[in-house]
Amino acid sequence: MKSLAILLAAAALSATSAAAQVSSPVPPGPQRAEQPLRISSTFRTILTMAPTQVVPDPAAQEAGRRALYAMAADECAALSEIFKSDCHLTSVQIVAFPPLGSNAQPANILNATANYELRPLRQQQVR
């Protein structure tokens, strides 16, 4: 009878230990992912206009936007190299200054703000 009580107690303890091991939801490895480094850069370009123009023509506006997008992409490449990180261009906002259609002259400046996220390269990617 005494041995039966000991056997039942041992079985109860081993079942409790096994349940405690299974209920642990902690995955192996790092506990949390690293937060990305966020960087904002501002760029400016001047649109070409004839002396008689009040606002730049659509071709000049398109060329200015393309120039700003190229600057933003080049900046991402530079940030990636400098910080040894994987760079993602997350947004680009382009605005005319002064705003097109306002009375302020000349309206031939485009400003862009680009936002980037940088994540460290994994060890096997670093060269």
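The rules behind the values
- Residues numbered from 1 in each chain as written.
- Predicted model: local features only at pLDDT ≥ 70, side-chain atom pairs only at ≥ 80, totals over all residues.
- Heavy atoms only, no water.
- Helix = DSSP H or I, 4+ residues; strand = E, 2+ residues; numbered from the N terminus.
- Buried < 20%, exposed > 50% of the residue type's maximum accessible area, 1.4 Å probe, protein only.
- Contact = heavy atoms within 4.5 Å.
- Pairing = 2+ DSSP bridges.
- Axes fitted to C-alpha atoms, helices over the stretch in contact; angles between N-to-C directions.
- Salt bridge = Lys/Arg side-chain N within 4 Å of Asp/Glu carboxyl O.
- pLDDT = per-residue confidence, 0-100.
- Core = buried A, V, L, I, M, F, W, Y, C linked by side-chain atoms within 4.5 Å.

### Regarding the overall build of the protein
Step number 1: What the protein contains, in helices and strands, is two helices and three strands.
Step number 2: Reading the secondary structure of the protein in the N-to-C direction produces α-β-α-β-β.
Step number 3: Burial status across the protein gives 20% buried among its 127 residues.
Step number 4: In the protein, 70% of the contacts between residues at least 6 apart in sequence involve partners at least 24 apart.

### So, the sheet that holds strand β3 (residues 109–120)
Step number 1: Taken in spatial order, the three strands make up an open sheet running β1-β3-β2, and their pairing is antiparallel. Edge strands, defined here as strands with exactly one partner in the open sheet, are β1 (37–46) and β2 (85–97). Each strand axis lies, on average, 20° off the axis of its neighbour in the sheet, ignoring direction.
Step number 2: As defined by bridge partners, β2 adjoins β3 across 12 bridges and the pair is classed as antiparallel. What sits directly across from S91, in β3, is N115.

### Looking at the pattern of salt bridges
Step number 1: Taken as a whole and judged by the stated rule, the model has three salt bridges.
Step number 2: A salt bridge links E62 to R66; its shortest N-O distance comes to 2.9 Å. Taken as a pair, E62 and R66 lie in helix α2 (residues 58–83) at a separation of four residues, close to a single helical turn.
Step number 3: The class of E62 is partly exposed, set by a relative accessible area of 30%.
Step number 4: Salt bridges sharing partners connect three or more residues here, namely E62, R65 and R66.

### Regarding the confidence of the model for the protein
Step number 1: Of the residues in the protein, 63% have a pLDDT of 70 or more, and the chain-wide mean is 76.
Step number 2: Taken together, the stretch residues 7–26 has pLDDT below 50 and engages in one contact with residues farther than four places along the chain or on a different chain.

### Considerations on unusual backbone geometry
Trans is the common state for peptide bonds, and a negative phi is the common state for residues other than glycine.
Step number 1: Although it is not a glycine, K84 adopts a positive phi angle of roughly 50°.
Step number 2: Its location among the elements puts K84 in the loop between α2 and β2.

### Some remarks on the nonpolar core
Step number 1: Among the nonpolar cores identified, the biggest contains 13 residues, and F43 and Y116 are the most heavily contacted of them.
Step number 2: Among the elements of the structure, β1, α2 and β3 are those that each provide at least two residues to this core.
Step number 3: For this core, the element with the highest residue contribution is β3, accounting for five residues.
Step number 4: Among all residues touching F43, those that are not within four sequence positions of it are L68, M71, A72, E75, L110, N111, A112, A114 and Y116.

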